[in-house]
Amino acid sequence: MNPAFSVIFLTTLIGAGQGLLLALFTQQSYALFDLLPRQDARFYGWGAMLALFFTMVGLIASFFHLGHPERAWRSAAQWRTSWLSREVIALPAFMGMLFLYGAAHLTGLDPVLVMLASGLGINATIVLGCLATLLAFALFVSTGMVYACMRFLQEWHSPLTLINFILMGGASGFTLAAFYAALAAPPQAGFFAGWAFVLTLFGLLGRGASLWRNARLRPKSTLQTAVGIKHPRIVQTAQGAMGGSFNTREFFHGKSEPFLNRVKVSFLMLAFVLPALLLILDLSYPSAVLPGIAFISQFVGLLAERWYFFAEARHPQNLYYQGVS
Amino acid sequence: MTQLALVIDLNVCVGCHACVTSCKEWNTSGSAGPLCDENPYGANPTGTFFNRVQTFEIGQYPNTETVHFPKSCLHCEDPPCVPVCPTGASYKRKEDGIVLVDYDKCIGCKYCSWACPYGARELDEKQQVMKKCTLCVDRIYDTSLAEIDRKPSCVKACPTSARLFGDIHDPESVVSRAIRENAGYALMPEWGTHPANHYLPRRKTNMKVHEDELERSDNPLKVDGQLPKPGKNEPTLDDFS
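This text gives an overview of the structure that appears in the document. (Residues numbered from 1 in each chain as written. Chains lettered and ligands numbered in written order. Predicted model: local features only at pLDDT ≥ 70, side-chain atom pairs only at ≥ 80, totals over all residues.)

**Let's talk about the overall build of chain B**
Then comes step 1: Within chain B one finds 8 helices and 11 strands.
Then comes step 2: Its C-alpha atoms give chain B a radius of gyration of 26 Å, more than 25% over the compact-globule value 18 Å for 241 residues.
Then comes step 3: Counting only C-alpha atoms, chain B reaches 95 × 45 × 45 Å along its principal axes.
Then comes step 4: Taking all 241 residues of chain B together, 41% fall into the buried category.
Then comes step 5: Sequence-distant contacts, at least 24 apart, represent 57% of the contacts inside chain B between residues at least 6 apart. (Helix = DSSP H or I, 4+ residues; strand = E, 2+ residues; numbered from the N terminus. Rg over C-alpha atoms; globule rule 2.2 N^0.38 Å. Buried ≥ 20, exposed ≤ 12 C-beta atoms within 10 Å, placed from the backbone. Contact = placed C-beta atoms within 7 Å.)

**Structural notes on the sheet that holds strand 1 (residues 4-9) of chain B**
Residues and elements named next belong to chain B.
Then comes step 1: Strand order in the open sheet formed by 3 strands is 10-1-11, with mixed pairing between adjacent strands. For this open sheet the edge positions go to strand 10 (163-167) and strand 11 (198-200), each flanked by a neighbour on one side alone. Neighbour-to-neighbour, the strand axes of the sheet open up by a mean angle of 25 degrees, direction not taken into account.
Then comes step 2: Pairing between strand 1 and strand 10: 5 bridges, direction antiparallel. Looking at strand 10, one finds that Ala-5 is bridged to Gly-166.
Then comes step 3: Seen against the sheet, helix 6 (residues 174-181) touches strand 1, strand 10 and strand 11 and runs at an angle of roughly 115 degrees to strand 10. (Pairing = 2+ DSSP bridges. Axes fitted to C-alpha atoms, helices over the stretch in contact; angles between N-to-C directions.)

**Describing the interface of chain B and chain A**
Then comes step 1: On the side of chain A, 46 residues touch chain B, which itself brings 48 residues to the contact.
Then comes step 2: At the level of elements, strand 4 (51-58), strand 5 (65-72), helix 2 (81-84), helix 3 (111-114) and strand 8 (122-124) of chain B are the ones that each hand at least two residues to the side of chain B that touches chain A.
Then comes step 3: Per-element accounting of the side of chain B that touches chain A gives the leading share, 7 residues, to strand 4 of chain B.
Then comes step 4: In the side of chain B that touches chain A, the residues fall into 29 nonpolar, 12 polar and 7 charged. (Nonpolar A, V, L, I, M, F, W, Y, C, P; charged D, E, K, R; others polar.)

**Focus: the sheet that holds strand 4 of chain B**
Then comes step 1: Taking strand neighbours across the sheet as the criterion, the 3 strands line up as 3(A)-4(B)-5(B) in an open arrangement whose pairing is antiparallel. At either end of the open sheet lies a strand with only one pairing partner, and these are strand 3 (234-238) of chain A together with strand 5 of chain B. Each strand axis lies, on average, 35 degrees off the axis of its neighbour in the sheet, ignoring direction.
Then comes step 2: Inspection of the sheet shows strand 4 of chain B paired to strand 5 of chain B by 8 bridges, in the antiparallel sense. Bridge assignment links Gln-54 of chain B to a residue of strand 5 of chain B, and that residue is Phe-69 of chain B.
Then comes step 3: On the sheet, helix 1 (residues 18-28) of chain B packs against strand 4 and strand 5 of chain B and is oriented at approximately 165 degrees with respect to strand 4 of chain B.

**Digging into the nonpolar core**
Residues and elements named next belong to chain A.
Then comes step 1: Ala-178 and Phe-192 are the most contacted members of the largest nonpolar core, which totals 153 residues.
Then comes step 2: Residue contributions to this core peak at 16 residues, all from helix 5 (residues 159-184).
Then comes step 3: Excluding residues within four positions of it along the chain, Phe-192 makes contact with Ala-23, Phe-174, Ala-177, Ala-178 and Ala-181. (Core = buried A, V, L, I, M, F, W, Y, C linked by C-beta atoms within 7 Å.)

**Concerning the packing of helix 5 of chain A against helix 10 (residues 289-311) of chain A**
Residue and element names in this part refer to chain A.
Then comes step 1: Interhelical geometry of helix 5 versus helix 10 gives an angle of 155 degrees and a closest axis separation of 8 Å. One element, helix 5, and the other, helix 10, form an angle in the roughly antiparallel class. Seen from above, helix 5 lies across helix 10 with left-handed handedness. Together, Met-168, Ala-171, Ser-172, Thr-175, Leu-176, Ala-178, Phe-179 and Ala-182 of helix 5 and Pro-291, Gly-292, Ala-294, Phe-295, Gln-298, Phe-299, Leu-302 and Glu-305 of helix 10 make up the contact between the two elements.
Then comes step 2: Within the contact of helix 5 with helix 10, the residues separate by chemical class into 11 nonpolar, 4 polar and 1 charged. (Parallel < 35°, antiparallel > 145°, perpendicular 65-115°, else oblique. Left-handed = near helix turned anticlockwise from the far one by under 90°.)

**A word on unusual backbone geometry**
Glycine aside, the phi torsion of most residues is negative, and most peptide linkages are trans.
Residue and element names in this part refer to chain B.
Then comes step 1: Following Tyr-61, the chain continues to Pro-62 via a peptide bond in cis, the omega torsion being 5 degrees.
Then comes step 2: Within the element layout of this structure, Pro-62 appears in the loop between strand 4 and strand 5.
Then comes step 3: One non-glycine residue, Ser-161, adopts positive backbone phi at about 55 degrees.
Then comes step 4: Assignment of secondary structure puts Ser-161 in the loop between helix 5 (153-157) and strand 10.
Then comes step 5: Residue Ser-161 is classed as exposed on the basis of its C-beta count, with 10 C-beta atoms lying within 10 Å.
Then comes step 6: For Ala-183, which is not a glycine, the phi torsion comes out positive at approximately 55 degrees.

**What to know about the environment of Val-263 of chain A**
Residues and elements named next belong to chain A.
Then comes step 1: You can see Val-263 is positioned in helix 9 (residues 257-284).
Then comes step 2: With 52 residues separating them along the chain, Val-263 and His-315 place their C-alpha atoms 20 Å apart.
Then comes step 3: Once residues within four sequence positions are removed from consideration, Val-263 is found in contact with Ala-304, Trp-307 and Tyr-308.

**Structural notes on the packing of helix 9 of chain A against helix 10 of chain A**
Residues and elements named next belong to chain A.
Then comes step 1: The N-to-C vectors of helix 9 and helix 10 enclose an angle of 155 degrees; their axes lie 8 Å apart at closest approach. Judged on the interaxial angle alone, helix 10 and helix 9 are roughly antiparallel. Once helix 9 is placed against helix 10, the crossing between them reads as left-handed.
Then comes step 2: Split by residue class, the contact of helix 9 with helix 10 holds 20 nonpolar, 4 polar and 3 charged.

**Quick word on the pairing of strand 4 of chain B**
Then comes step 1: Bridge analysis of strand 3 of chain A against strand 4 of chain B gives 4 bridges, and the strand direction is antiparallel. Paired with Gln-236 of chain A across the two strands is Phe-56 of chain B, which belongs to strand 4 of chain B.
Then comes step 2: Between strand 4 of chain B and strand 5 of chain B, which follow one another and run antiparallel, lie 6 residues, and Gly-59 of chain B among them has a positive phi close to 95 degrees.

Here it is, written out as structure tokens:
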């Protein structure tokens, strides 16, 4: 596939936003059970607004993918069959809940809604945070399934696609949370950095597994099944157009094999290895600089990862576009 | 249930591109507006087509065969492009099985083209909506045309009758008969899309000649009997001609 930058930015930015909400709410849940000190409401509130900012920029980026952005509202119609439609619904729903969660913290409208038998009070922000967490996962699943549901894009048609979207979004969100906490609540930065380190390692495992799987895939479609002629040697001599077509532009990245390999090594280093090293260093020598660099490196790495994710998918329609006389 | 489809005979197609130009002419003149053409007279002309003829060389020289391969939307019976459309712009008609795009609803997200393993859908880069073969839906039901003209324009244009049009769910239709009797096949059967369009393979045309057909029964030599041989000194036919 030819990577589209609008979609690359959409998926990486909303992934970081979702991860940041998960990070903030994990800390708040720990604090609910007195496992960690409860932070000032402004910490959660502004953190949620930061997550909202990331998802907002992602949403804006997605509009550049559309030929008719003014008709985008129509895309919520087919939620019964289309994962893209479900994503279109889940994203604004998540953003709305993120806003309510942040606003409840910032305005102090956080009454105790339920008193549990153990004497534990469940606040409004806990309920809103739970809903936002559910929506974050619904959004991860929708985003992943947009790609994983296409059975003939064999590189994508795997549960690993879904798992990796969750792991990589989570990792970048927790790294961002570590950076944010280092500035806003330094004693909590270690908690986020620790989880960011774990998620980054799991992300490396998951992405490594999908790279390993994809390198061993045998394409189900061949030129023989594409034209229905059983002969080992079939060579295309004309494709019906000499100046290219939508089919030659949309489905092939047009880059060389060495370039692809360089991107692969770069994203493995930038998105996983370097952030993991910086985060483990940050656990021993806490500072705002290390998680800051870690987040920037990881985000740039994930942009490259998403580019590679598209480029590595070999669309069977390319079988029909292999030669021009 | 009706499922209209094309059957393309690769044994007959000569690769003249008449179906391509006829398709473009009909569909660029319709109510949906023109099919775009970028730099039509430049170095790299490109544009939207519903139908393209590709050419493949099969085998190793000198034992090669050139196969011309017309390719358009196959109007799958289980089209993977339809359920993924977020707006419902892509749909399959119940009454005749034609897969269509509502150009007024399409948002140009290109997701359906990713979901088509055949590359049958092309984005119109001027109108920014997805376009594809309509089986000339604005022609085949047009009662102002003569009955014989109510066929897709590619079918009407084919000089070798390599393109057949009809209902593949009717076992007695010309397309069903062609598929049945000439080993018609579907493309990329491995994805379970059940394309409605079928292709007829290259096949050797053998003619069986029976012994008794080698000699004419009305051979004049037999009617009049053997002509007498000329004498040695008499002129033969060769002396006159």
